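# A look at the structure
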Amino acid sequence: MLSSQELGLLYWLGREYWSGGGAIVDAGCFLGGSTIALASGVREAGRNADGSSPITVYDRFLVEDYSLASGFFEDAPELGVDDDFLALFERNVAGVRDLLDVRPGDILQQRWDGGPIEILFLDLLKTWSINDYVVREFWPQLIPGRAMIVQQDYQYGGYPWLAITMELLHEYFERLDEMPWGTVVFRLRAPLPDLHGMSLSRDLPMRDKLELMDRAVNRETQPAGRAMLRLSRALLVWYLGRWRAGEAEVQAVMREHGDDPSVMLACRRFLSSPMAPSENERERLHHDPCARALTSLVV
Ligand SMILES: C[S@@+](CC[C@H](N)C(=O)[O-])C[C@H]1O[C@@H](n2cnc3c(N)ncnc32)[C@H](O)[C@@H]1O
């Protein structure tokens with residue numbers, strides 16, 4: 001599912017950046033694209049001479065409707081939604097299997113027990129709750145001054161909690177690189193505060209969520225990054241029930257970025273999302289004075 005640029009980054013991190021001083025975490029490996037990129041780099045560097053398995057890999061390994069519809073399982077026509085695809089992953093990663101510690105299951109049920117983390121690849125933060133759970137469970141073990149976080153979905157345009165989280169903890173990270181419509185790379189520069197005692201993305205007041213999101217949009221310097229972050233913001237506005245404001249923002253992005261097919265695809269995906277309310281529902285919300293009064297306080 002990753003671009004060649006993103007795979008190249010992971011390979012480089014495994015080969016050139018990883019020192020062996022902390023674990024590598026591949027959170028959301030799917031069929032093993034990110035896993036093989038990281039592991040090939042580690043293999044090439046030859047730094048795990050002690051025969052240890054430095055890459056801990058997480059996934060539910062359950063087929064989802066979008067991945068089935070996208071044709072990822074054409075070689076396994078017997079698989080349907082919710083079937084287990086761990087065997088396919090195992091087949092794909094056979095050549096680097098000795099480098100992996102594979103932990104199948106819902107990440108919300110997993111505990112991190114692997115000590116300091118040097119490279120954290122994140123490609124499963126698909127909800128507010130998963131995001132906040134992973135931040136509290138894994139991030140306290142990131143090595144200050146060294147650890148890299150690869151946020152694969154940062155510029156995907158559909159997960160506002162990623163930008164909100166990185167803005168909330170902005171002073172602790174430096175942003176190193178970005179890849180259009182996807183990955184942004186951060187390095188932890190200072191020890192993090194107590195993440196268990198803090199409100200994270202889901203529990204922040206709406207007003208704070210929006211303020212952090214606005215800061216994140218304004219931080220983007222490249223047109224594609226800005227467009228995708230504006231889509232994340234539009235989704236956040238949607239969550240508030242301000243469908244028309246969210247939709248207007250998407251339309252504005254479409255007008256301004258009509259020459260970027262990836263942005264246009266993301267906009268259309270947004271507008272045809274199953275989360276989108278029906279026309280009747282939109283009308284009702286639009287004319288509900290209570291909903292409007294509450295949401296206008298924060299949008
Ligand atoms: C976009 S795919 C990852 C793509 C992969 N990194 C690659 O290189 O092709 C997202 C993955 O996150 C996994 N995932 C989503 N929610 C999860 C959860 N709660 N626990 C564990 N895995 C989860 C899905 O099963 C899916 O394989």
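Residues numbered from 1 in each chain as written. Predicted model: local features only at pLDDT ≥ 70, side-chain atom pairs only at ≥ 80, totals over all residues. Heavy atoms only, no water.

### What about the overall build of the protein chain?
Along the backbone of the protein chain there are twelve helices and seven strands. The C-alpha atoms of the protein chain give a radius of gyration of 20 Å, which matches the 19 Å a tight globule of 299 residues would have. With the C-alpha coordinates of the protein chain rotated into their principal frame, the extents come out at 65 × 50 × 40 Å. Sorting the 299 residues of the protein chain into buried and exposed places 49% on the buried side. Across the protein chain, every contact between residues at least 6 apart in sequence was considered, and the portion connecting residues at least 24 apart equals 71%. Of note, the protein chain has its 30 positive side-chain charges centred 6 Å away from the centre of its 44 negative side-chain charges. (Helix = DSSP H or I, 4+ residues; strand = E, 2+ residues; numbered from the N terminus. Rg over C-alpha atoms; globule rule 2.2 N^0.38 Å. Buried < 20%, exposed > 50% of the residue type's maximum accessible area, 1.4 Å probe, protein only. Contact = heavy atoms within 4.5 Å. Lys, Arg positive; Asp, Glu negative; His and termini not counted. Charge placed at Lys NZ, Arg CZ, Asp CG, Glu CD.)

### Describing the site of the ligand
By nearness alone, 19 residues border the ligand, and G28, S34, D59, I107 and D123 come closest of all. In the environment of the ligand, an oxygen atom lies 3.3 Å from a nitrogen or oxygen atom belonging to the backbone of M1. At a separation of 2.7 Å, a nitrogen atom of the ligand approaches a polar backbone atom of G28. Here the ligand has 600 Å² of accessible area as a free molecule, and 96% of this is covered by the chains. Class assignment of the residues belonging to the shell around the ligand gives a composition of nine nonpolar, four polar and six charged. (Near = heavy atom within 4 Å. Polar contact = N/O pair within 3.5 Å; in protein donor to acceptor, adjacent residues only side chain to side chain. Areas by Shrake-Rupley, 256 points an atom, 1.4 Å probe, with all protein chains shown as cover. Nonpolar A, V, L, I, M, F, W, Y, C, P; charged D, E, K, R; others polar.)

### Observations concerning unusual backbone geometry
A negative phi holds for most residues other than glycine; trans holds for most peptide bonds. Even without being a glycine, F30 presents a positive backbone phi close to 50 degrees. Structurally, F30 can be placed in the loop between β1 (23–27) and α2 (33–45). The backbone of F61 shows a phi angle near 55 degrees, a positive value even though the residue is not glycine. Relative to the assigned elements, F61 resides in the loop between β2 (55–59) and α3 (65–69).

### Digging into the packing of helix α8 (residues 223–239) against helix α9 (residues 243–256)
Close contact between α8 and α9 brings their axes to 7 Å; oriented N to C, the two are set at 165 degrees. Viewed along their axes, α8 and α9 adopt a mutual orientation that is roughly antiparallel. α8 and α9 meet at a crossing whose hand is left-handed. For the pair α8 and α9, contact is made by A227, R230, L231, A234, V237 and W238 and by W243, A245, G246, E247, E249, V250, A252, V253 and E256, respectively. Among the residues forming the contact of α8 with α9, the class breakdown is ten nonpolar, one polar and four charged. (Axes fitted to C-alpha atoms, helices over the stretch in contact; angles between N-to-C directions. Parallel < 35°, antiparallel > 145°, perpendicular 65-115°, else oblique. Left-handed = near helix turned anticlockwise from the far one by under 90°.)

### With respect to the side chain of T56
Checked against the element boundaries, T56 lands in strand β2. Relative accessible area serves as the criterion here: at 6%, T56 is assigned to the buried category.

### Comments concerning the nonpolar core
The biggest cluster of nonpolar side chains holds 46 residues, and the ones touching the most others in it are V134, F138, W139, L142, Y154, F173 and L192. Both domains that furnish three or more residues to this core are identified here as domain 1 (4–201) and domain 2 (205–296). Y154 has contacts with L162, A163, M166, R175, G182, V184, F186, A216, E220 and L229, leaving out every residue within four places of it along the chain. L13, I24, C29 and L88 belong to the second largest nonpolar core, which has 35 residues in total. (Core = buried A, V, L, I, M, F, W, Y, C linked by side-chain atoms within 4.5 Å. Domains from an automatic or database assignment.)

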